[in-house]
Structures are given as structure tokens and as C-alpha cells.
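Report on the structure
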Amino acid sequence: MASSAGRPRSTCRWDTRLQHREKFTTCIRNNIRDYGSASTCLKELLANADDAKATHFTVCLDKSCYTTDGLLCEGMAVLQGLALWICNDAEFSQDNWTSYTLNVGESAKASDTETTGKFGKGALTAYSLADVIQLLSGNHLLTLDPHGTHQPDKLESIFGNLVRPQDEHFVDVANDYPGQLEPFLAFTKQCPSVPTLALKGHYPGTLFRLALRTRAAAQASMISSNSFTAEQFVSTLHTFLQAAPDLLLFTRHVKRISVYIKEDVQTPCTLLHECAVTTSSLPSVTQTCQLQQLNLSLQHADSSKSHKIWLRSVNPSSAGRPEGGVAVLLNDDPAAGANALPAVAGKVYSTMALPLEGTCLPVHINGAFLVSADRRSIWTGEGDGGQVSGNAFD
């Protein structure tokens, strides 16, 4: 009983079963509904790679069917087929592991003006493609299964050590479950743009393996009802590779994007598209504006090559002021020697292009705009504590 001093009454006589709860699968489903299509997932993971200071971003559609022996359990066998690899050459930090597992939605980058991600939810877009995520980086392999239907004891995550178990909480993947590593060993050996994984060796990069959701899985999934075939996903890859060259205009660290396809276990990866950018400084008119020439080289599936030249002006970040810039296409075929500037439908960027209506300008504009949580619009809402003024042009 409460005293006159206002101490709380005991809860032993109250029914406490009605508590606020949300299944993680529901959280993911709502997140990917807000973020949009499968190609959005690739752009979000590219932004994450750039935030991690990676320089090379690789995507590969793998049609291989790998061994179903030596797995964590029988439920993992259905994940050994059609999959998408998303790779970069930066390692997961301890903060990355924590943010990706324990603190989903609580971004450690929220106040960092040098990063793109602010909400901690972009990585969840990987679930728009797959119900289970396998992530290998440094010394560890993480498997995430929010449904708890594929891993032993209905576990939603398992963290394994590639080199040597540090304690009893780590699975010795190479010794106990070699079948789980076969896709990683085969892929890294046969893809020229990623480091090769050595058995029981440290991996100097990050590999996401997403077993694409099948029709049967989609019928039971509490995350998404969308399924994928290899033929359907090739179309998604082409959408991404068409956008890829322009995605390098304002990235801070990523300078190369490669897109591959792998037909079977024994076949090397075949390059579908690769674009790379090199930057050279030009004389600047003012101290607050840096002029740069971007040379963009593209290699296509038929081995043909093309080039584009962009001029970029950058206002570097300083004294808490975020970076901004403008990019204009000078020439999309240097060999042709055109006299007029090529036509460009100007877009708005916040490092990555935002899916907004055209600006009616013949240039691309980049700024550290305050964007909505799904990165689909610039934030203009009320009750922003004065932050929305950061979206105004000076």
C-alpha cells in the first residue's frame, strides 16, 4: 500500500501482461516499405560503405548452388542457392557490429556531418531482398535470421569466429561448420575485385551474402511477400548500374563500383559493369570554393569503354558547416570534342541522389540536407527545433 508520502503501490495485484511490444520482423517490414525498391537497398549499402571509408564497392548476383553438408543445421540448406553479394574493402568496427545488431535504429552517426547515414536503418533495407543476412568481416561471421526459422534452437543471430574461438560464446566456423564458409571461399577466389578469404584467416573487408527470397519463403515471410528469380534480379542490377556512374559524383571515399554475375560454383565472376572516378584539383576562384575535375571511366559487359568529364565545385566543411557542392557535366564523350555542354537533368544529392522531382537546373546539387528517415524527401516539417533552416540555400 502506498504511504502518505506517495510511494508507489505494489504491482502484484495488477495484470501486467499488456505491455508495449513490436516484433522485430514488423519493424523491418515497416522500414523496407518506407525505403522502397530493391535497387534502393544497393544505394543504401553503398552509402554505408562510403561512411565506413571504403574505396571499392562490389555487387554480384551469384546463381551457384553450394554444398548443403557441414552447415549449422538443416534449415540453412535452403540458403545455399541464388544469392546477392554486396562487398566493400572496409572492415566492420566494433561500433558497426553493435549498431547493426544491438542498437538497430540508434545510429552512431546521427551527429556526424561527414557521414550520410543518420537514422541507423539503411542497412535494414537488405531485408527487402532476403529474410536471412550473412555478414563476414574481419575475424567474424554473423548470421541474422529475424524469423528464427533457419538457425539452431530458433536463434535469431549467431556470431562465429573465423580465426580462433575467443571464448565459449563463439562458434569455430571453419572447424565445426565448413559448409557455411564454402560460398565465401569460392566467391572471393573467383571475383577479382574483392580480397580472397583464407581458411581461418582474417578478412580485410566486408561481405554481405543475401540469399534472395524464394517464392516459397515469401509466402511464409513476415517481412516481405516479394520473391526474386535470377532473371528478375538481373533487371534490378541493370537499374543500379545505369545509376552507378552518377553515384560516384559526391561520395567521399568510394571511387569504384563493380557489378558482376556468377553462373555456377566453378565459374569465375563475369563483369557486367564497372565505373571508377579520379579527381584532380583545378585553380579556384575563392578560398571557400574548391574546383575539381572528375574523370569518370566506364567499362561495359562487351568490354567496351567510355569516359565522362565532370566539373565539381565543393565548399568544404568547416567550423561545423557541412560540405556542399555542384557538379556539371563537361563532356560525355571526350573523343567527340563536342562544343556544347551535354544535357543533364539536374538532381538533388545528399551524398546519394534523393528521389525528388527534377530541379530544372542543368547541374547536380549536393548538400548535407536534413532528410526524412526514409531518405525520400527533404525534411520540411514543423516542430524541428530550428533544424530545418539547414535546408535553406545561402
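Our structure is the block above this text.
Residues numbered from 1 in each chain as written. Predicted model: local features only at pLDDT ≥ 70, side-chain atom pairs only at ≥ 80, totals over all residues. Heavy atoms only, no water.

Of regular secondary structure, the protein chain possesses seven helices and 15 strands. Within the protein chain, the proportion of its 394 residues that are buried is 45%. Taking as baseline every contact in the protein chain between residues at least 6 positions apart, the subset at least 24 positions apart corresponds to 56%. If you sum the accessible surface of the protein chain, you get close to 20,100 Å²; carbon and sulfur atoms cover 52% of it. (Helix = DSSP H or I, 4+ residues; strand = E, 2+ residues; numbered from the N terminus. Buried < 20%, exposed > 50% of the residue type's maximum accessible area, 1.4 Å probe, protein only. Contact = heavy atoms within 4.5 Å. Areas by Shrake-Rupley, 256 points an atom, 1.4 Å probe, with all protein chains shown as cover.)

Here helix α5 (residues 178–190) spans 18 Å end to end across 13 residues, near enough to the 18 Å set by a 1.5 Å rise per residue. Along α5, the positions that sit buried rather than exposed are G179, Q180, L181, P183, F184, A186, F187, T188 and Q190. (Expected span 1.5 Å × (residues − 1).)

Moving on, we come to the side chain of N366. Along the chain, N366 turns up in strand β15 (residues 364–367). You can call N366 buried: its relative accessible area is 7%. From its side chain, N366 meets the backbone nitrogen of T351 in a polar contact 2.8 Å long. Non-local contacts of N366, meaning those with residues more than four positions away in its chain, are made with F250, G324, G325, Y349, S350 and T351. (Polar contact = N/O pair within 3.5 Å; in protein donor to acceptor, adjacent residues only side chain to side chain.)

In contact at an axis separation of 9 Å, helix α2 (residues 38–51) and helix α7 (residues 230–247) are set at 40 degrees when each is read in the N-to-C sense. Compared by their axis directions, α2 and α7 come out oblique. For the pair α2 and α7, the crossing hand works out as right-handed. Contact residues: A38, S39, L42, K43 and L46 in α2; F233, T236, L237, T239, F240, A243 and L247 in α7. (Axes fitted to C-alpha atoms, helices over the stretch in contact; angles between N-to-C directions. Parallel < 35°, antiparallel > 145°, perpendicular 65-115°, else oblique. Left-handed = near helix turned anticlockwise from the far one by under 90°.)

What follows deals with the pattern of salt bridges. Per the counting criterion, the structure on display carries three salt bridges. Its salt-bridge partner being E263, residue K63 comes within 3.4 Å of it at the nearest N-O pair. Placement of the pair is K63 in the loop between β1 (56–62) and β2 (83–88) and E263 in the loop between β8 (256–262) and β9 (270–282), with a sequence separation of 200 residues. We classify K63 as partly exposed; its relative accessible area is 28%. Residue D131 is joined to R213 by a salt bridge in which the shortest nitrogen-to-oxygen separation is 2.9 Å. Of this pair, D131 sits in the loop between α3 (94–101) and β3 (133–138) while R213 sits in the loop between β7 (203–211) and α6 (215–220), placing them 82 residues apart in sequence. In this pair, the class of D131 matches that of R213, namely buried. (Salt bridge = Lys/Arg side-chain N within 4 Å of Asp/Glu carboxyl O.)

Under the defined criterion, the tally for this structure stands at seven aromatic pairs. Considering the side-chain rings of W85 and F184, the 5.1 Å spacing of their centres and the 85 degrees angle between planes classify their relative orientation as edge-to-face. Highlighted residues: W85 in strand β2 and F184 in helix α5, separated in sequence by 99 residues. Residue W85 is classed as buried on the basis of its relative accessible area, which comes to 0%. Note on F184: relative accessible area 0%, which makes it buried. Grouping aromatic residues by their ring pairs yields a cluster made of W85, F184 and F187. (Phe/Tyr/Trp six-rings, centres within 6.5 Å; stacked < 30°, edge-to-face > 60°.)

So, on to the nonpolar core. Counting 59 residues, the largest nonpolar core has F57, L84 and I257 as its most contacted members. For this core, the element with the highest residue contribution is α2, accounting for seven residues. Among residues more than four places away in sequence, those in contact with L84 are L42, V59, C60, L61, L129, F208, R209, L210, L212, F233 and L237. By size, the runner-up hydrophobic cluster in this structure holds 19 residues, among which are W85, L141, L181 and F184. (Core = buried A, V, L, I, M, F, W, Y, C linked by side-chain atoms within 4.5 Å.)

The quantities given are spatial measurements derived from coordinates; they are silent on function.
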